[in-house]
Amino acid sequence: MNDSPSTNNRDIYGPALALGFAVFVFAISFGVVCVSAGGSVPKAMAMSLLVFTGASQFSAVSVIAAGGTAASAVTGALILASRNAIYGVAIAPWLTGRLPYRLAAAQFTIDETTGMTLAQDTPQRRRLAFWVTAASIYVFWNVGTLIGALAGSSIDTQKYGLDVAFPAAFVAMVAPLVRSHRAKRVGFAGAVVCLATTPFLPIGLPIIVASLVALVGMRPEPVAR
Amino acid sequence: MSWAVVIGLSVGAYLLKALGLVVIGDRKFPPRYEGVIALVPAAVLCALIMKDTFTNGQELVIDARMAGVSLAVVGVWCRVPLWLVIVASCAATALVRAVS
């Protein structure tokens, strides 16, 4: 048994619920746009239940909706999902256990669970934070997708400006990631590369080409002056 | 959207998650790759914002979406709650479309 008072874990349950509610809004917009982009309710649900990494789901649907090929949609989304491999390495020391346990934990290795896990101070609290956040996000994400997907088939997304839900969501997702000068420059360069190559490349490919900008990360970060 | 996309993405995304947590585990990830992968979301998300705001197929366009996404940038900058950012961006875009 954990000998610290149970009230101490309230600072895990509260933020986990808040994060769940935040992704709920993303999930509803995902469901709506996924269905209107030629998906179906089962496809939207399969994406959220199985893929379960928000930005990549949005990315794939966005490329398909614009008329891109399946290959470019999946490739771009997987490049975006590669960060989950880094997250797995970062949280692995606290999610030790039998193979089935780790295989199950892998499905929930995403931005929010990693952030919550690493924010705790003891191994027990890190493990608890991982699973509580995973449960909260997984439930909200899938319920939100279902609501959006069911509503989406009866909504004129253009009329209500819902096509902008995706770029607005991307703006919110990228904001915490571009705090350093280097990340800001990489983001700007990615934007420029995308626009500059759009007229010349098949739909979806500019996103993949833009991701190559991240290769500047091979060089060690310059020392701040 | 085909089932191939759904299944391909499901398998690929799971393998990437398991690669970190299960395969590499608490062994060390080469720092060069870590630097690159850490910068990928900034590059890709900014590219996606541009694509979803200023492109229509292979064409570059400026239309009502710019109003909505600009409002999203201001909203996120001012730390407006997320749901309000998304609702306001969609409403602004719908409004511009309705009057133009």
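In case you missed it, the structure is sitting above this.
Residues numbered from 1 in each chain as written. Chains lettered and ligands numbered in written order. Predicted model: local features only at pLDDT ≥ 70, side-chain atom pairs only at ≥ 80, totals over all residues. Heavy atoms only, no water.

What follows covers the overall build of chain A. Tallying secondary structure elements over chain A gives 11 helices and zero strands in all. Reading the helices (α) and strands (β) of chain A from amino to carboxyl end gives α-α-α-α-α-α-α-α-α-α-α. For 225 residues, the compact-globule estimate of 2.2 N^0.38 gives 17 Å, and the C-alpha radius of gyration of chain A, at 19 Å, lies within 12% of that figure. Along the first, second and third principal axes, the C-alpha set of chain A runs to 60 × 50 × 30 Å. Here chain A holds 225 residues, and 52% of them are scored as buried. Considering only residue pairs separated by 6 or more positions, chain A has 74% of its internal contacts joining residues 24 or more positions apart. (Helix = DSSP H or I, 4+ residues; strand = E, 2+ residues; numbered from the N terminus. Rg over C-alpha atoms; globule rule 2.2 N^0.38 Å. Buried < 20%, exposed > 50% of the residue type's maximum accessible area, 1.4 Å probe, protein only. Contact = heavy atoms within 4.5 Å.)

With that out of the way, let us pick up the packing of aromatic side chains. Residue and element names in this part refer to chain A. By the definition in use, this model includes 15 aromatic pairs over all chains. Arranged with centres 6.2 Å apart and planes meeting at 35°, the rings of F21 and F24 form a pair that is tilted. Of the two residues, F21 and F24 are both situated in helix α1 (residues 10-36); the distance of three residues between them amounts to about one turn of the helix. The structure contains a cluster of three or more aromatic residues connected by ring pairs, namely F26, F30, F58, W141, F166 and F170. Over the ring of W94 we find R126, and its NZ or CZ is 4.1 Å from the ring centre. (Phe/Tyr/Trp six-rings, centres within 6.5 Å; stacked < 30°, edge-to-face > 60°. Lys NZ or Arg CZ within 6 Å of the ring centre and 35° of its normal.)

Here the focus is a nonpolar patch on the surface. Taken together, the side chains of F21(A), V80(B), W83(B), L84(B) and V87(B) make up a nonpolar region of the molecular surface, amounting to roughly 440 Å² of accessible area. Mapped onto the secondary structure, L84(B) falls in helix α4 (residues 82-99). (Patch = residues over 30% accessible without salt bridge, like charges linked within 9 Å, V, L, I, M, F, W, Y side chains within 5 Å. Areas by Shrake-Rupley, 256 points an atom, 1.4 Å probe, with all protein chains shown as cover. Salt bridge = Lys/Arg side-chain N within 4 Å of Asp/Glu carboxyl O.)

Let us look at unusual backbone geometry. You will see that F52(A), though not glycine, has its phi angle at about 45°, which is positive. With phi around 60°, R79(B) is a residue other than glycine that occupies positive phi space. Looking at the element boundaries, R79(B) is found in the loop between α3 (64-77) and α4.

By the secondary structure assignment, L201(A) is in the loop between α10 (181-197) and α11 (205-211). Other than its neighbours up to four places away in sequence, L201(A) contacts P206(A), V209(A) and Q58(B).

Right, let's get into the environment of F108(A). Position of F108(A) relative to the elements: it lies in the loop between α6 (99-107) and α7 (111-118). Put simply, F108(A) and T133(A) are 25 residues apart on the chain and 9.0 Å apart in space, counted from C-alpha to C-alpha.

So, on to the interface of chain A and chain B. Tallying the contact residues gives 95 residues for chain A and 62 residues for chain B. Inspection of the region where chain A meets chain B yields one salt bridge. Here chain A is connected to chain B by 11 residue pairs in polar contact (both at pLDDT 80 or more). No other element matches the 10 residues that helix α9 (residues 165-174) of chain A contributes to the side of chain A that touches chain B. Here the side of chain A that touches chain B is composed, by residue class, of 70 nonpolar, 19 polar and six charged. (Polar contact = N/O pair within 3.5 Å; in protein donor to acceptor, adjacent residues only side chain to side chain. Nonpolar A, V, L, I, M, F, W, Y, C, P; charged D, E, K, R; others polar.)

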